[in-house]
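Here are the chains, one letter per residue:
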Amino acid sequence: LNKKIKLRREETLANMCDERARMLQDQFNVSMNHVHALAILVSTFHHGKDPSAIDQKTFGEYTERTDFERPLTSGVAYALKVLHSQREQFEKQHGWTIKKMETEDQTLVQDCIPEKLDPAPIRDEYAPVIFSQETVSHIVSIDMMSGKEDRENILRARASGKGVLTSPFKLLKSNHLGVVLTFAVYNAELPPDATPELRIESTVGYLGASYDVPSLVEKLLHQLASKQTIVVNVYDTTNASAPILMYGTNVTDTGLLHISNLDFGDPLRKHEMHCRFKHKP
Ligand code: WA2
């Protein structure tokens with residue numbers, strides 16, 4: 001009988017964990033598709049029209065009104081690919097200088113005090129944010145290639161043509177770990193088998209969404225009346241020997257554990273949901 005009860009308990013935990021993992025994965029997938037559609041919107045109405053049919057006001061209104069389509073995101077933004085030879089003309093046209101994300105004093109960057117941000121040092125190319133949803137307006141004018149995680153994402157997104165995810169890192173103006181999803185925008189419709197070289201050359205910009213993981217997973221789990229039953233943790237397990245805790249508090253509990261796999265659509269990243277019962281039997 002004891003064995004039977006134990007088995008039942010394991011099964012219950014597995015079912016609850018799998019259900020939550022599937023919900024999180026599905027919501028992420030839904031929002032990823034809408035971020036992809038936004039990249040196509042910018043391609044069609046900003047780069048595909050002369051004059052452009054999108055400005056900051058249009059982008060801000062449209063992304064705010066369609067926010068419900070992108071569960072778990074805290075905001076979307078569009079960064080333009082600017083070569084060094086185009087920088088002066090670009091800055092003159094926009095009336096501001098391209099800013100650098102990292103400064104000597106990291107606290108200033110975290111707070112995103114615009115006057116405190118330094119101009120971006122000379123580089124071959126930049127990715128300044130030109131349009132943003134109101135919720136992430138603090139990243140406008142910042143060169144996204146000057147941040148390690150954002151830069152890696154931009155390079156991988158444009159060479160692959162796929163939506164790509166960063167490792168968890170501390171987002172600007174947020175006290176939590178988050179991830180950024182990036183889609184490249186191209187100046188022409190490319191065949192699915194286009195080479196990375198052709199893709200890089202055809203790139204005109206980068207549409208990105210930020211995910212404040214702790215607050216958004218919390219919101220999702222809150223919808224299920226399970227918080228008093230199980231404890232949930234979400235990890236980035238890309239580096240299997242050094243998992244990064246993205247949601248939940250560190251656990252020392254060695255009781256019954258169930259691990260559900262999470263697929264966020266980027267084959268380079270691995271994620272897992274770990275579930276435990278709150279109370280011992
Ligand atoms: N968005 C919001 N907060 C951030 C951030 C970011 N990146 N990086 C650090 N904190 C415009 O991939 C292009 C968004 C980057 C897209």
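This report concerns the structure included in the present document.

Reading guide: rules and limits
Numbers given for residues are sequential positions, taken from 1 along each chain in its written order. At least 70 in pLDDT is required for a residue's local features to be given in this predicted model, at least 80 for side-chain atom pairs to be given and counted, and no such filter applies to totals for whole chains, interfaces and linings, which use all residues. Side-chain metrics in this entry use all non-hydrogen atoms of the structure; hydrogen atoms and water are not considered. Nearness is defined per residue: one heavy atom within 4 Å of the molecule or strand is enough. Under the rule applied, a polar contact is a pair of N or O atoms within 3.5 Å (in protein, one hydrogen donor and one hydrogen acceptor; residues adjacent in sequence only if both atoms are side-chain atoms). The numbering of helices and of strands both runs from the N terminus, where a helix is a DSSP run of H or I of at least 4 residues and a strand a run of E of at least 2. Ten residues, namely Ala, Val, Leu, Ile, Met, Phe, Trp, Tyr, Cys and Pro, are considered nonpolar, four, namely Asp, Glu, Lys and Arg, are considered charged, and the remaining ones, Gly among them, are considered polar. Buried, partly exposed and exposed residues are distinguished by accessible area as a fraction of the type maximum, computed with a 1.4 Å probe on protein chains only: under 20%, between the cut-offs, and over 50%, respectively. A pair of strands is labelled paired if DSSP reports no fewer than 2 bridges between them. Whether two residues are in contact is decided by their heavy atoms, any of which lying within 4.5 Å being enough. The aromatic pairing rule takes the rings of Phe, Tyr and Trp, using the six-membered ring of Trp, and pairs them if the centres are within 6.5 Å, calling planes under 30 degrees apart stacked, those over 60 edge-to-face and the rest tilted. The criterion is that NZ of a Lys, or CZ of an Arg, lies within 6 Å of the ring centre and within 35 degrees of the ring normal, and then a charge sits over that ring. Orientation is described by axes fitted as lines to C-alpha atoms, over the contacting stretch for helices, and by angles from 0 to 180 degrees between their N-to-C directions. For a helix, the expected span equals 1.5 Å multiplied by the number of residues minus one. Here the arc refers to the directions that run from the helix axis out to each C-beta atom.

## Points about the site of the ligand
No. 1: Around the ligand, a shell composed of Ala77, Ile139, Met144, Asp150, Phe169, Leu171, Leu172, Val180, Thr182, Tyr206, Gly208 and Ser210 is seen.
No. 2: The backbone of leucine 172 places a nitrogen or oxygen atom 2.9 Å from a nitrogen atom of the ligand.
No. 3: The separation between an oxygen atom of the ligand and a polar side-chain atom of threonine 182 is 2.8 Å.
No. 4: Of all the elements in the fold, those that place two or more residues in the shell around the ligand are strand S7 (177–186) and strand S8 (203–212).
No. 5: For the shell around the ligand, the element with the highest residue contribution is S8, accounting for three residues.
No. 6: Among the residues forming the shell around the ligand, the class breakdown is eight nonpolar, three polar and one charged.

## Observations concerning the pairing of strand S12 (residues 271–277)
No. 1: Among the seven residues of S12, six are classified as buried, and the element is accordingly described as predominantly covered.
No. 2: As paired strands, strand S11 (residues 257–262) and S12 are joined by six bridges and run antiparallel to one another. Looking at the pairing, histidine 258 lines up with cysteine 275 of S12.

## Thoughts on helix H7 (residues 213–222)
No. 1: When we look at burial in H7, the residues that qualify are Val213, Pro214, Leu216, Val217, Leu220 and Leu221.
No. 2: If you follow the buried residues of H7, they end up packed against helix H1 (2–47), S7, S8, strand S9 (230–236) and strand S10 (244–247).

## Notes on the packing of aromatic side chains
The description of an aromatic ring pair uses the distance of the two centres, along with the angle that the planes make with each other.
No. 1: In the structure shown here, the tally under the stated rule is five aromatic pairs.
No. 2: Between phenylalanine 90 and tryptophan 96, the ring centres sit 5.4 Å apart and the planes meet at 75°, which makes this aromatic pair edge-to-face.
No. 3: Since its relative accessible area comes to 21%, tryptophan 96 is described here as partly exposed.
No. 4: Three or more aromatic residues joined by ring pairs make a cluster, and in this case those are Phe28, Tyr211 and Phe264.
No. 5: A cation over an aromatic ring shows up here: arginine 87 above the ring of tyrosine 126, its NZ or CZ 4.8 Å from the ring centre.

## Some details on the side chain of asparagine 153
No. 1: In this fold, asparagine 153 is placed in helix H5 (residues 148–160).
No. 2: With relative accessibility at 1%, the residue asparagine 153 sits in the buried group.
No. 3: Ignoring anything within four residues of it in the chain, the contact list for asparagine 153 reads Val164, Leu165, Thr166, Val180, Leu181 and Thr182.

## A few points about the sheet that holds S12
No. 1: If you walk across this open sheet you meet the four strands as S10-S9-S12-S11, and the pairing is antiparallel. Both edges of this open sheet fall to S10 and S11, since each of them pairs with a single strand only. Each neighbouring strand pair of the sheet contributes to a mean axis angle of 30°, computed without reference to strand direction.
No. 2: Along the sheet face, H7 touches S9 and S10 and points at about 50° away from the line of S10.

## Describing the pairing of S7
No. 1: Across the ten residues that make up S7, a large majority, nine, are buried.
No. 2: The sheet contact formed by strand S5 (residues 164–165) and S7 spans two bridges and is antiparallel. Bridged to valine 164 within S7 is threonine 182.
No. 3: Bridge count for strand S6 (residues 169–170) against S7 is two bridges, and the pairing is antiparallel. When the sheet's bridge partners are listed, lysine 170 is paired in S7 with leucine 177.
No. 4: Here S6 folds back onto S7 in antiparallel fashion, the turn holding six residues, of which lysine 173 has a positive phi close to 60°.

## Here's the deal with H5
No. 1: Taking 1.5 Å per residue as the helical rise, H5 with its 13 residues ought to reach 18 Å, and the 18 Å between its terminal C-alpha atoms agrees with that figure.
No. 2: If you check which residues of H5 are buried, you get Asp150, Asn153, Ile154, Ala157 and Arg158. Within H5, the buried residues cover an arc of 115° as seen down the axis, which keeps them to one side.
No. 3: For H5, the secondary structure elements touched by its buried residues are strand S3 (125–126), S5, S6, S7, helix H6 (196–202) and S8.
No. 4: Directly beyond the C-terminal end of H5, a positive phi value near 75° is found at glycine 161.

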